[in-house]
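Below are the chains, spelled out letter by letter.
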Amino acid sequence: LMLFKTTDRDLQFDMSLSGLDVPTVVFNHKTLFLLTVDLFPHAKPVSQRDPLRVIRITEEDLIRPVPEASEATPPQVPPGSRS
C-alpha cells in the first residue's frame with residue numbers, strides 16, 4: 001500500500017509485527033506492506049530542519065470497520081442555511 005505524505009509531519013506506524021524494515025499489517029488473511037513516499041515540498045534540507053513532529057498510526061486505526069451509510073450520523077446543516 002503506497003502512502004503519499006503531503007505534510008511536514010512524520011508518520012510513525014505502531015504495528016504488532018515489529019522488527020521488519022517496512023511497516024506491515026496482516027488483516028483478513030492478507031499482508032499489507034506500508035510504503036511511504038514524502039511529497040511535501042520542504043523549505044530546508046534534512047540537516048537544517050527542526051525535530052520531527054509525529055503522526056502516530058496504530059494497527060487498530062487501519063483495520064477499524066467503517067460504519068455503513070445507514071449507520072453513519074447524517075451531516076449537520078447550519079441553522080438558516082436551508083432553502
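Figured I'd write up the structure that's included with this text. (Residues numbered from 1 in each chain as written. Predicted model: local features only at pLDDT ≥ 70, side-chain atom pairs only at ≥ 80, totals over all residues. Heavy atoms only, no water.)

1. Quick look at the overall build of the protein
Reasoning step 1: Check the secondary structure of the protein and you find one helix and six strands.
Reasoning step 2: Each of the 83 residues in the protein was classed as buried or not, and the buried ones make up 11%.
Reasoning step 3: Taking all contacts inside the protein whose residues are at least 6 apart in sequence as the whole, residues at least 24 apart take part in 71%.
Reasoning step 4: Accessible surface, the protein as shown: approximately 7200 Å² in total, 57% of it carbon and sulfur. (Helix = DSSP H or I, 4+ residues; strand = E, 2+ residues; numbered from the N terminus. Buried < 20%, exposed > 50% of the residue type's maximum accessible area, 1.4 Å probe, protein only. Contact = heavy atoms within 4.5 Å. Areas by Shrake-Rupley, 256 points an atom, 1.4 Å probe, with all protein chains shown as cover.)

2. Notes on the side chain of E59
Reasoning step 1: Secondary-structure assignment places E59 in helix 1 (residues 59-63).
Reasoning step 2: With no salt bridge to any partner, buried E59 finds its closest opposite charge in R64, at an N-O distance of 13 Å.
Reasoning step 3: Separated by 2.8 Å, the side chains of E59 and S16 make a polar contact.
Reasoning step 4: Excluding anything up to four places from it in sequence, E59 contacts D14, M15, S16, V25 and V26. (Lys, Arg positive; Asp, Glu negative; His and termini not counted. Salt bridge = Lys/Arg side-chain N within 4 Å of Asp/Glu carboxyl O. Polar contact = N/O pair within 3.5 Å; in protein donor to acceptor, adjacent residues only side chain to side chain.)

3. Let's talk about the nonpolar core
Most often, soluble globular proteins keep nonpolar side chains buried together rather than apart.
Reasoning step 1: L11, F13, M15, V25, L34 and I57 form the largest nonpolar core, which has six residues in total.
Reasoning step 2: Leaving out residues up to four positions away in the same chain, I57 has contacts with L11, Q12, F13, D14, M15 and L62. (Core = buried A, V, L, I, M, F, W, Y, C linked by side-chain atoms within 4.5 Å.)

4. Describing the pairing of strand 4 (residues 30-33)
Consecutive side chains along a regular strand alternate between the two faces of the sheet.
Reasoning step 1: Both strand 3 (residues 24-27) and strand 4 contribute to a ladder of four bridges, which runs antiparallel. Across the sheet, the residue bridging to V25 is L32, located in strand 4.
Reasoning step 2: Hairpin remark: strand 3 followed by strand 4, antiparallel, with two residues in the connecting loop; positive phi at N28, about 55°. (Pairing = 2+ DSSP bridges.)

5. Examining a nonpolar patch on the surface
Reasoning step 1: On the surface, a nonpolar cluster with roughly 400 Å² of combined accessible area is contributed by M2, F4, L35 and L39.
Reasoning step 2: Tracing the backbone shows M2 in strand 1 (residues 2-5). (Patch = residues over 30% accessible without salt bridge, like charges linked within 9 Å, V, L, I, M, F, W, Y side chains within 5 Å.)

6. Details of the pattern of salt bridges
Reasoning step 1: Using the criterion set out here, one finds four salt bridges in the structure.
Reasoning step 2: We note a salt bridge from R56 to D14, for which the minimum N-O separation is 3.3 Å. Highlighted residues: R56 in strand 6 (residues 54-58) and D14 in strand 2 (residues 10-14), separated in sequence by 42 residues.
Reasoning step 3: Residue classification places D14 among the partly exposed residues on the basis of a relative accessible area of 30%.
Reasoning step 4: When the shortest N-O distance is used, the salt bridge between D61 and R64 registers 3.7 Å.
Reasoning step 5: Accessibility expressed as a relative area gives 34% for D61, which makes it partly exposed.

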